[in-house]
Amino acid sequence: MSGIDEAMLMALVDGELDEVNRRRVERAVAADPALAERLATHRRLRARLSGHYAPVAEEAVPKRFLALLEQESTMVPMRRRAPAWRGWATGGAIAASLVLGLGIGRFSSGTDAGPIGLHNGNLVAQGALADALDTQLASAQDDAAIRIGLSFRRKGGGWCRSFDGVVAGVACRQGKDWQVKQALPGAGHHAATYRRASSADARIMDTVESLIDGAPVDAVGEKMARSSGWQ
Amino acid sequence: MAFEHDLLAILPRLRRFAASLSRDRTDGDDLCQATLERALKARDQWQPGTRLDSWMYRIMRNLWIDEARSRQRAARTFAPEEAGAQVGHAGDRDIEAHMHLSDVERAMQSLPDEQREAIALVLVEGLSYKEAADLLDIPMGTLTSRLVRGRGALIELMGEAA
């Protein structure tokens, strides 16, 4: 035998040998077919085990785990953060009387051009707005034309999100749709370039407050809600 | 919160570790849930700046060991006549559950706990010997000898398939 024991072969497979020992084992293996076969067996074992369990880490994490974390991230920091989210409403309370001034003409036309359409008699988000509500995270939206403000659970259950763009407002998840609860003229494209509160902010905050159960979720809660499809 | 965020990122690996320790996926997810609950409760004990994954692996491993010990105690405590009518039923269920296991799972199941956890950390989770030894609070030499014995048993059990 070559003085190479099982532990050395194993350490080679596990990437734990230093350069000198690695060369030594490899030389011995090259000169000894029986040793080469044992090394191959160790390699196969490692590949088989890691291959067997690898798919577990690829699966979507079960909802009950997400719920545990989510509960934690909304409940624990709530007392500390509660006043902060109201800061979103810094825009002053200009009570602009023109409701739905922008885009409203398209709402009922049945074409898909606008951000809001009709579905079963309800105003629902469509196109880019629906996409933003589905996928966009408030924590990652640097250049987005539509900005997501708060994500929160409403009284009686279900998710709602506030948004700002050409149209600003609040939409709540209803099945696969986002029902628009409120739509006001938004901050337009400025929303994307610099973070200024639109005149609609105060009224949107009122809507949020009337709907919300508890506090808005933070970035983690938002992400988890998205991964469960806002259900 | 950064803590939940980091936990979320580690979760898939934790589930994998739990699956390799447990006898089936259901037990694995139960272990994973218990680990999460424990970690959330003990979050103040985690020191920011240290590795959260190691901390979580350790919690999971300790819960698993506790669970295994209490199972063994229960197995020793119940005399056959006390277990009575349940024996047949539980036995059937065990056999049935066993039939659904793959060769890999069956072989892992048959390893002594201290070999299984070493194999799981190094071969499945890909930890270095040092990381695994630190996590299990054992010297490197102890870890490597468990790895050698565990591998030998797995190769024997899985035969050519290994």
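Note that this is a predicted model, so its numbers are computed, not measured. (Residues numbered from 1 in each chain as written. Chains lettered and ligands numbered in written order. Predicted model: local features only at pLDDT ≥ 70, side-chain atom pairs only at ≥ 80, totals over all residues. Heavy atoms only, no water.)

> Would you mind showing me how to read the overall build of chain A here?
Across its full length, chain A carries 10 helices and six strands. By residue count, 47% of the 231 residues in chain A fall in the buried class. A fraction of 54% describes how many contacts in chain A between residues 6 or more apart in sequence connect residues 24 or more apart. Taken as a whole, chain A presents about 11,500 Å² of accessible surface, with 54% of it coming from carbon and sulfur. (Helix = DSSP H or I, 4+ residues; strand = E, 2+ residues; numbered from the N terminus. Buried < 20%, exposed > 50% of the residue type's maximum accessible area, 1.4 Å probe, protein only. Contact = heavy atoms within 4.5 Å. Areas by Shrake-Rupley, 256 points an atom, 1.4 Å probe, with all protein chains shown as cover.)

> Would you take a moment to explain the layout of surface pockets for this structure?
Empty pockets left among the atoms are what a rolling probe the size of a water molecule brings to light. Residue and element names in this part refer to chain B. The computed volume of the largest pocket comes to approximately 330 Å³. Asp27, Trp64, Glu67, Ala68 and Arg71 are the residues nearest the centre of the largest pocket, which is lined by 17 residues in total. Those elements giving two or more residues to the lining of the largest pocket turn out to be α2 (25-41), α3 (52-77) and α7 (113-124). Take the lining of the largest pocket: its biggest share by element is seven residues, from α3. Looking at side-chain class alone, the lining of the largest pocket contains seven nonpolar, three polar and seven charged residues. Two domains each donate at least three residues to the lining of the largest pocket, and these are domain 1 (1-80) and domain 2 (92-162). (1 Å grid on protein atoms, 1.4 Å probe; cavity = no way out; pocket = protein on both sides within 12 Å on 5 of 7 lines; lining within 4 Å. Points joined across faces, edges and corners; volume = space filled by probe spheres on them. Nonpolar A, V, L, I, M, F, W, Y, C, P; charged D, E, K, R; others polar. Domains from an automatic or database assignment.)

> Can you walk me through the interface of chain B and chain A in this structure?
Often the size quoted for an interface is simply the accessible area lost on bringing the parts together. Chain B puts 41 residues into the contact, and the matching count from chain A is 37 residues. Across the chain B to chain A interface the summed buried area is about 3,800 Å²; carbon plus sulfur atoms make up 68%. Our count for the chain B to chain A interface comes out at four salt bridges. Of the charged contacts, one joins Asp30 of chain B and Arg64 of chain A as a salt bridge, the two residues approaching to 3.8 Å between their closest N and O atoms. (Buried area = accessible area lost by both parts, 1.4 Å probe. Salt bridge = Lys/Arg side-chain N within 4 Å of Asp/Glu carboxyl O.)

> Help me understand the confidence of the model for chain B in this model?
Low-pLDDT portions of the prediction should not be read for the details of their coordinates. Residues and elements named next belong to chain B. Counting all residues, the mean pLDDT for chain B is 85, and 82% of those residues have values of 70 or more. For the stretch residues 79-91, pLDDT sits under 50, and the model shows two contacts to residues farther than four places along the chain or on other chains. Interface confidence in the predicted complex, given as ipTM, is 0.84; pTM for the same model is 0.57. (pLDDT = per-residue confidence, 0-100.)

> Would you mind showing me how to read the packing of aromatic side chains here?
Remark: the centre distance and the inter-plane angle together describe each pair of aromatic rings, the angle taken between the planes. One pass over the structure, following the stated rule, counts five aromatic pairs over all chains. Here the aromatic rings of Phe3 of chain B and Trp55 of chain B are separated by 6.3 Å at their centres, their planes lie at 70 degrees, and the arrangement is edge-to-face. Pair noted here: Phe3 of chain B is in helix α1 (residues 2-21) and Trp55 of chain B is in helix α3, with a separation of 52 residues, a long-range link. Neither Phe3 of chain B nor Trp55 of chain B differs from the other in exposure class; each is buried. Taken together through their ring pairs, the aromatic side chains of Trp159, Trp178 and Trp230 of chain A make up a single cluster. (Phe/Tyr/Trp six-rings, centres within 6.5 Å; stacked < 30°, edge-to-face > 60°.)

> Quick question: what am I supposed to make of unusual backbone geometry here?
Excluding glycine, residues mostly have negative phi values, and the peptide bonds linking residues are mostly trans. One non-glycine residue, Trp230 of chain A, lies in the positive phi region at around 60 degrees. By the secondary structure assignment, Trp230 of chain A is in the segment after α10 (219-227). Overall, the relative accessible area of 2% leaves Trp230 of chain A in the buried class. For Asp137 of chain B, which is not glycine, the phi dihedral falls at a positive 55 degrees. Tracing the chain through its elements places Asp137 of chain B in the loop between α8 (129-136) and α9 (140-158).

> What exactly am I supposed to notice about the pairing of strand β5 (residues 167-174) of chain A here?
Consecutive side chains along a regular strand alternate between the two faces of the sheet. All names here are of chain A. For β5, a buried count of seven out of eight residues is recorded, marking the element as mostly surrounded by other parts of the structure. Relative to β5, strand β4 (residues 159-164) runs antiparallel, the two sharing four bridges. From the neighbouring strand, Cys160 faces β5, where its bridge partner is Cys172. A loop of two residues connects β4 with β5, the two strands running antiparallel in sequence. As paired strands, β5 and strand β6 (residues 177-185) are joined by eight bridges and run antiparallel to one another. (Pairing = 2+ DSSP bridges.)

> Sorry, what's going on with empty space enclosed by the protein here?
All names here are of chain B. Applying the stated rule across the entire model yields one cavity of 30 Å³ or more. Lining the largest cavity we find Arg51, Asp53, Ser54, Tyr57, Leu127, Glu131 and Leu135. Every element with two or more residues in the lining of the largest cavity is listed here: α3 and α8. Tallying contributions element by element places α3 first for the lining of the largest cavity, with three residues. The residue inventory of the lining of the largest cavity, partitioned by class, reads three nonpolar, one polar and three charged.

> Help me understand helix α6 (residues 103-110) of chain B in this model?
Because an α-helix packs 3.6 residues into every turn, residues spaced three or four apart end up facing the same way. Along α6 of chain B, the positions that sit buried rather than exposed are Val104, Glu105, Ala107 and Met108 of chain B. Down the axis of α6 of chain B, the buried set is contained in an arc of 165 degrees. They therefore lie on one face. Buried residues along α6 of chain B sit in contact with α3 (33-58) of chain A together with α1, α7 and α9 of chain B. (Arc of directions from axis to C-beta.)

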